[in-house]
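# What the coordinates show
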Amino acid sequence: MNLEQTGIIMDILRTAYPRFYSGPKAPDMRQTLQLWNEVFKDDDAALVAAAVKSYIVTDIEGYPPHIGAIKAAMYQLTSAGDLDEQEAWELVRRAASRSGWGAQEEYDKLPEAVRKMTSPGQLYEWSQMDSDAFNSVVASNFRRSWRVRQESRRRDALLPAEVRRAITGAARRMALEDGKREVLG
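Every chain is numbered independently, its residues counted from 1 as its sequence is written. Owing to the predicted nature of the model, reporting of local features is limited to residues with pLDDT of at least 70; listing and counting of side-chain atom pairs is limited to 80 or more, with chain, interface and lining totals taken over all residues. Only hydrogens and water are removed before side-chain values are computed, so all heavy atoms of the structure are retained for them.

### Let's talk about the side chain of Q150
Heads up, the rule is: For helices the rule is a DSSP run of H or I covering at least 4 residues; for strands it is a run of E covering at least 2, with both sets numbered from the N terminus onward. Think of it in three bands: with a 1.4 Å probe and only protein chains considered, a residue is buried below 20% of the maximum accessible area for its type, exposed above 50%, and partly exposed in between. Contact criterion: two residues are considered in contact whenever any of their non-hydrogen atoms come within 4.5 Å of each other.
On the secondary structure map, Q150 appears in helix α9 (residues 131-158). The exposure class of Q150 is buried, given its relative accessible area of 16%. Apart from residues no more than four positions distant in its own chain, Q150 is found in contact with Y75, D82 and L83.

And the structure:
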């Protein structure tokens, strides 16, 4: 989103929340514009606008959104089709039930996000388990892991792109250092 597009977003907010953006206690619009532009510079203007409008139409408190609220609304808009923990578990349960002879094929049919939570070998092992243990213990552990992974994914998505790049760079450097230690070990 560029500065002009950010200005349009700020105009929408000023129109929707006129009392907040006028008067002696109003925030400095130049600073507000610069901050919002910096935070949303890597985001699609249409998505930011949709999130702002979504916030406005669901706001019952009468306060303008803060940046975090808009980032959260953007995440909700873009992740609307994601699987919840029960849907993901149901896919795994069905795949495991058919994995006695074709674990790799069943694994390959799973969505990528679900594949990251299991393996063909794991599906096969689960297919051999007692169904009560599988449907209680394994189900509980899978759902908990799914929630943790989704929350981590949500937090990562809310970070500015430059922070995500810095984290990725740091992780790569750490992996390289770990690799050097193993080689030199």
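Now that the structure has been shown, we can carry on.
### Focus on the packing of aromatic side chains
To keep things clear, this is the line we draw: Pairing of aromatic side chains here covers Phe, Tyr and the six-membered ring of Trp, requires ring centres within 6.5 Å, and sorts the geometry by plane angle: under 30 degrees stacked, over 60 edge-to-face, intermediate tilted.
Applying the stated criterion across every chain yields a total of six aromatic pairs. Ring geometry for W89 and F134: centres 5.0 Å apart, planes at 40°, overall tilted. With W89 in helix α5 (residues 85-97) and F134 in helix α9, this residue pair connects regions lying 45 residues apart in the sequence. Judged by its relative accessible area of 2%, W89 falls in the buried class. For F134, a relative accessible area of 7% puts it in the buried group. Grouped by ring-pair contacts, the aromatic residues W89, W126, F134, F142 and W146 constitute a single cluster.

### A few points about the environment of F142
Mapping F142 onto the fold places it in helix α9. Judged by its relative accessible area of 4%, F142 falls in the buried class. For the pair F142 and T168, spaced 26 residues apart in sequence, the C-alpha to C-alpha distance is 26 Å.

### Looking at helix α3 (residues 45-58)
Each full turn of the α-helix corresponds to 3.6 residues, which orients residues three or four apart in the same direction. The test is simple: Working rule for helices: expected span equals 1.5 Å times residues minus one. What the arc measures is the spread of directions leading from the helix axis to the C-beta atoms.
Look at α3: 20 Å from first C-alpha to last across 14 residues, which is about the 20 Å you get at 1.5 Å a residue. Looking only at α3, the buried set comprises A45, V48, A49, A51 and V52. Seen end-on, α3 carries its buried residues on one side only, within an arc spanning 160°. Structural note: α3 exposes A46, V57 and T58 on the side pointing more than 90 degrees away from its buried face. The inward-facing, buried residues of α3 contact α1 (3-16), α2 (29-40) and α4 (67-78).

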